[in-house]
Amino acid sequence: MAVLLLMTGCAAVTLDKDLNLTPEMFAQRQMQTRRFDTTDEQKILKTCAALLQDTGFTIDESEAKLGILIASKERDATDAAQWAVFIVGSFFGVAIPPDKDQIMKAFVTTRPVGGSGSQVAVRVVFERIVFDTEHRLKKIEPLNDPKMYQSFFEKLSKALFLEAHDI
Amino acid sequence: MTSDRRTRNLLLLPLFLLVTACATTQDHLLDMNTSQVQLRNIQSRAFDTTDKEKTMRAIIATLQDLGFMLDRADYTLGVVTASKARADTMQMQVYASLRVTVTVRPRGEKQLLVRASAEYQRSPVTDAKPYQNFFNSLEKAMFLEAHQVD
């Protein structure tokens, strides 16, 4: 019970830990970054914009000079398993409203790397905001499935006709 | 005489309350609680470079490393705003958000001044430690030392 009370007050972001770099953050960076053999950063950025559009994202903000793209999309977040839990839970009076809608966000950066900028590093970060059936905020979380990132970079290399290298 | 004064004081009381209310609103609008100079020092660092583009890219990369989502960036103005919000009601993690605006401008002939101002849970961050942490992270991306500004 005491543990539960303690956990209730636990803020998901704190000033103590969220401005410090941790080894986990470097692991994330590795998963979210690929390098391409080109000097044309703007071409990569344009291709990223087209790819985001292809995958249903809307571009919210961009600054080509700094190699930035931010995009988002709203999608259904219904999960059959959660509905099953909800229905079973309702019988016992402990129903947790299932997920309903979600906003997915993508944050892409590009930057020249390697000797005399012979390569361009592309990093993408995905996160999502989930609301339940009663339109209450349920979750804001980074999407950490390596498959999503792999798939994004596979599509990007196809569009660029370039091979993606791990960093 | 005493009674007169008391009456006057009583009459003044609502006025005082009114003044207090106004001051609070103004405090929030202009956040005058901490000394502005002191706060500016806590929030600023000078870097020995004049490369604005590289500095802004390092700031953005640092924020991305720290798990922030960019809200806007403007090269001409030298402004970057990003936020990090997380919540997980299933894991009993209460919604919390941290917003940061970072500005870059020239300081003399040979330096750039980087200033960060953060907002956490609808309040300005006035402690030195969080800014120290941010600049420590930024130093690594800049490969340059961050100098304290007086």
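Note: the structure precedes this text.
Residues numbered from 1 in each chain as written. Chains lettered and ligands numbered in written order. Predicted model: local features only at pLDDT ≥ 70, side-chain atom pairs only at ≥ 80, totals over all residues.

1. Section: the overall build of chain A
- Per the secondary structure count, chain A includes five helices and seven strands.
- Helices and strands in chain A line up, N terminus first, as α-α-β-α-β-β-α-β-β-β-α-β.
- With the C-alpha coordinates of chain A rotated into their principal frame, the extents come out at 65 × 35 × 25 Å.
- Put simply, chain A has 167 residues, and 28% of those count as buried.
- A fraction of 56% describes how many contacts in chain A between residues 6 or more apart in sequence connect residues 24 or more apart. (Helix = DSSP H or I, 4+ residues; strand = E, 2+ residues; numbered from the N terminus. Buried ≥ 20, exposed ≤ 12 C-beta atoms within 10 Å, placed from the backbone. Contact = placed C-beta atoms within 7 Å.)

2. Thoughts on the interface of chain A and chain B
- Each partner contributes to the interface: chain A provides 34 residues, whereas chain B provides 35 residues.
- Residue assignment for the side of chain A that touches chain B shows that the elements contributing at least two residues are α1 (2-8), α2 (23-32), β2 (58-63), β3 (68-76), β4 (99-113), β5 (119-132) and β6 (137-142) of chain A.
- For the side of chain A that touches chain B, the element with the most residues is β6 of chain A, which contributes six residues.
- Classifying every residue of the side of chain A that touches chain B by side-chain character gives 17 nonpolar, five polar and 12 charged.
- As paired elements, β6 of chain A and strand β3 (residues 79-88) of chain B share two bridges and run antiparallel to each other. Note that in β3 of chain B the partner of Lys139 of chain A across the bridge is Asp88 of chain B. (Nonpolar A, V, L, I, M, F, W, Y, C, P; charged D, E, K, R; others polar. Pairing = 2+ DSSP bridges.)

3. Concerning unusual backbone geometry
Residue and element names in this part refer to chain B.
- Although it is not a glycine, Met92 adopts a positive phi angle of roughly 60°.
- Tracing the backbone through its elements, the reader meets Met92 in the loop between β3 and β4 (93-107).
- Even without a glycine there, the phi angle at Arg122 is positive, about 65°.
- Secondary-structure assignment places Arg122 in the loop between β5 (111-120) and β6 (123-124).
- Overall, Arg122 belongs to the exposed group, with 8 C-beta atoms counted inside 10 Å.

4. Quick look at the packing of helix α3 (residues 41-54) of chain A against helix α5 (residues 146-160) of chain A
Residues and elements named next belong to chain A.
- Between α3 and α5, whose axes approach to 10 Å, the crossing angle comes to 120°. Judged by the angle between their axes, α3 and α5 are oblique. For the pair α3 and α5, the sense of crossing is right-handed. Only Lys155, Leu156, Ala159 and Leu160 of α5 make contact with α3, whose side of the interface consists of Ile44, Thr47, Cys48, Ala50 and Leu51.
- The residue makeup of the contact of α3 with α5, split by class, is seven nonpolar, one polar and one charged. (Axes fitted to C-alpha atoms, helices over the stretch in contact; angles between N-to-C directions. Parallel < 35°, antiparallel > 145°, perpendicular 65-115°, else oblique. Left-handed = near helix turned anticlockwise from the far one by under 90°.)

5. A look at the pairing of β3 of chain B
Residues and elements named next belong to chain B.
- Bridging between strand β2 (residues 69-74) and β3 involves five bridges; their strand directions are antiparallel. Along β3, the bridge assignment pairs Ala73 with Val80.
- Here β2 folds back onto β3 in antiparallel fashion, the turn holding four residues, of which Gly78 has a positive phi close to 70°.
- Note that β3 and β4 share nine bridges and pair antiparallel. Within β4, the residue paired with Ala85 across the bridge is Ser97.
- Counting the residues in the hairpin turn of β3 and β4 gives four residues, including Met92, whose phi is positive at 60°.

6. Considerations on the nonpolar core
- Counting 60 residues, the largest nonpolar core has Cys48, Leu69, Val122 and Val124 of chain A together with Ile59, Ile60 and Leu70 of chain B as the members making the most contacts within it.
- Not counting the four nearest positions on each side in its chain, Leu70 of chain B is found in contact with Glu61, Ile68, Ile70 and Phe107 of chain A together with Ile60, Leu63 and Ala82 of chain B. (Core = buried A, V, L, I, M, F, W, Y, C linked by C-beta atoms within 7 Å.)

Purely geometric stuff here, so don't read any function into it on its own.
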